[in-house]
Amino acid sequence: MATPQTSDPVSSVIVETIGPARIGTRLAHPVLRTTVQQFLRAGAWVADLGPRPAHLVFRMTRLSEQPARVLGTPRGTRREPVRFEHCDAEWLWSAPVPDPRVDRDAAILYLHGGAFIAGGLNSYRRHTARLAALSELPVLTVDYRQLPDAHPNESLDDALTAYRHLLAEGFPPEKIVVAGDSAGGGLALRLALTLRELGLPLPVALSVTSPWADFDSAARLAHPNARYDAVLPAVGPDMVVRRGIAVDGELDPSWSVVNHDFTGLPPILLQVGSREMLLADALAVAKRAEAAGVPLRLQVRPSAPHTLIHLGADLLADGRDAARDAADFHRAMIDPGRLGRSAA
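Conventions and cut-offs
- Residues numbered from 1 in each chain as written.
- Predicted model: local features only at pLDDT ≥ 70, side-chain atom pairs only at ≥ 80, totals over all residues.
- Heavy atoms only, no water.
- Buried < 20%, exposed > 50% of the residue type's maximum accessible area, 1.4 Å probe, protein only.
- Helix = DSSP H or I, 4+ residues; strand = E, 2+ residues; numbered from the N terminus.
- Arc of directions from axis to C-beta.
- Axes fitted to C-alpha atoms, helices over the stretch in contact; angles between N-to-C directions.
- Parallel < 35°, antiparallel > 145°, perpendicular 65-115°, else oblique.
- Left-handed = near helix turned anticlockwise from the far one by under 90°.
- Contact = heavy atoms within 4.5 Å.
- Pairing = 2+ DSSP bridges.

A. Local environment of helix α1 (residues 23-34). Buried within α1 we find Thr25, Ala28, His29 and Leu32. Looking straight down α1, one finds its buried side chains confined to an arc of 110°; they lie on one side. The outward face of α1, more than 90 degrees from its buried face, is lined by the exposed residues Ile23, Leu27 and Thr34.

Have a look at this one:
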């Protein structure tokens with residue numbers, strides 16, 4: 001269980017101390033480092049050979065969604081597809097939660113991770129179904145457009161379309177949580193900033209895991225975790241930026257959420273691993289929230305590998321704890337009268 005701590009009584013940021021990592025989490029590091037990370041490192045090396053190899057690697061990475069169709073969902077999960085103009089989405093929920101197409105009381109809008117080159121409905125279905133069950137809320141997952149077919153700006157357009165869909169269907173913004181991990185976590189934050197700029201009603205809360213919030217790789221590469229991350233090779237995100245996100249070799253600073261004023265954003269839950277490279281991004285987000293007086297709960301989970309904070313919940317007890325903490329936060333934000341075991 002998380003224990004709230006903060007050294008500054010007037011700070012809007014609460015840093016929660018998490019107990020030491022269990023043996024399964026610690027053992028995951030060498031396994032991931034010698035398997036997943038080596039595969040990603042090889043892909044990044046090939047993609048960095050030039051525009052055409054990068055395009056090929058991005059395209060092949062997207063193909064990983066097809067075999068992920070075999071992944072099942074927890075028993076009792078219901079699923080209904082949704083089609084938007086440029087992308088697909090799907091509802092996931094389980095009893096006793098009513099059908100979100102009929103009862104439009106509350107929902108989670110989920111934006112998956114994958115560095116804008118991987119991830120989708122198939123690979124995230126088990127995770128989002130679990131999140132729906134634990135949160136006792138329906139989850140709308142968006143298969144937003146990605147590289148090499150679309151820039152993250154177009155991914156943002158798809159996220160905005162999905163949020164507007166929820167509003168048009170009658171879901172009150174004070175009953176919507178926007179959540180996401182990695183690239184999707186950064187996209188969730190960017191969506192909230194865009195809603196604010198457009199004058200649209202903001203969701204009641206943001207729930208992000210290891211958000212990719214800064215496309216400028218300098219801070220990440222300078223952070224000690226660039227050497228310790230068990231999943232992401234140090235060259236990985238930087239390669240995606242240079243070969244896919246930058247336009248004519250240039251990055252617009254406005255694409256990175258850490259370059260924005262967070263004034264007016266809703267409360268944020270931010271979960272991140274202590275040894276992952278995106279800890280640098282998470283800390284930058286926390287500083288922005290603190291500067292703007294936005295309530296933010298920062299959970300730094302010891303040794304939790306990137307993406308496995310939640311996605312590894314089937315195998316790792318620490319992942320199940322993180323998922324329950326997130327679910328408690330979601331329920332407490334939707335219904336303040338129902339505080340979960342770790343909700344603030």
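B. Fine view of the packing of helix α4 (residues 121-135) against helix α12 (residues 317-334). Contact pair α4 / α12: the axes reach a minimum separation of 8 Å and the direction vectors enclose 55°. In this view, α4 runs oblique relative to α12, as classed from their interaxial angle. Relative to α12, the crossing made by α4 is right-handed. Residues Leu131, Leu134 and Ser135 of α4 touch α12, and the partners they reach there are Ala323, Arg324, Ala327, His330 and Arg331.

C. Geometry of unusual backbone geometry. Going from alanine 95 to proline 96, the amide bond is cis rather than trans, its omega being 10°. With respect to the secondary-structure elements, proline 96 resides in the loop between β4 (88-94) and β5 (107-111). A cis amide bond, omega 5°, links leucine 147 with the succeeding residue proline 148. Tracing the backbone through its elements, the reader meets proline 148 in the loop between β6 (139-143) and α5 (152-169). Even without being a glycine, alanine 115 presents a positive backbone phi close to 60°. Summarising the element assignment, alanine 115 is placed in the loop between β5 and α4. The exposure class of alanine 115 is partly exposed, given its relative accessible area of 21%.

D. Inspection of the pairing of β4 at higher detail. Where burial is concerned, most of β4 is hidden: six out of the seven residues are buried. Of the strand pairs in this sheet, strand β3 (residues 77-83) and β4 are connected by seven bridges, and their pairing is antiparallel. Counted as the bridge partner of threonine 77 is serine 94 from β4. In this antiparallel pair of consecutive strands, β3 and β4, the connection spans four residues. Relative to β6, β4 runs antiparallel, the two being bridged by five bridges. Bridging across to β6, tryptophan 91 finds its partner in leucine 140.

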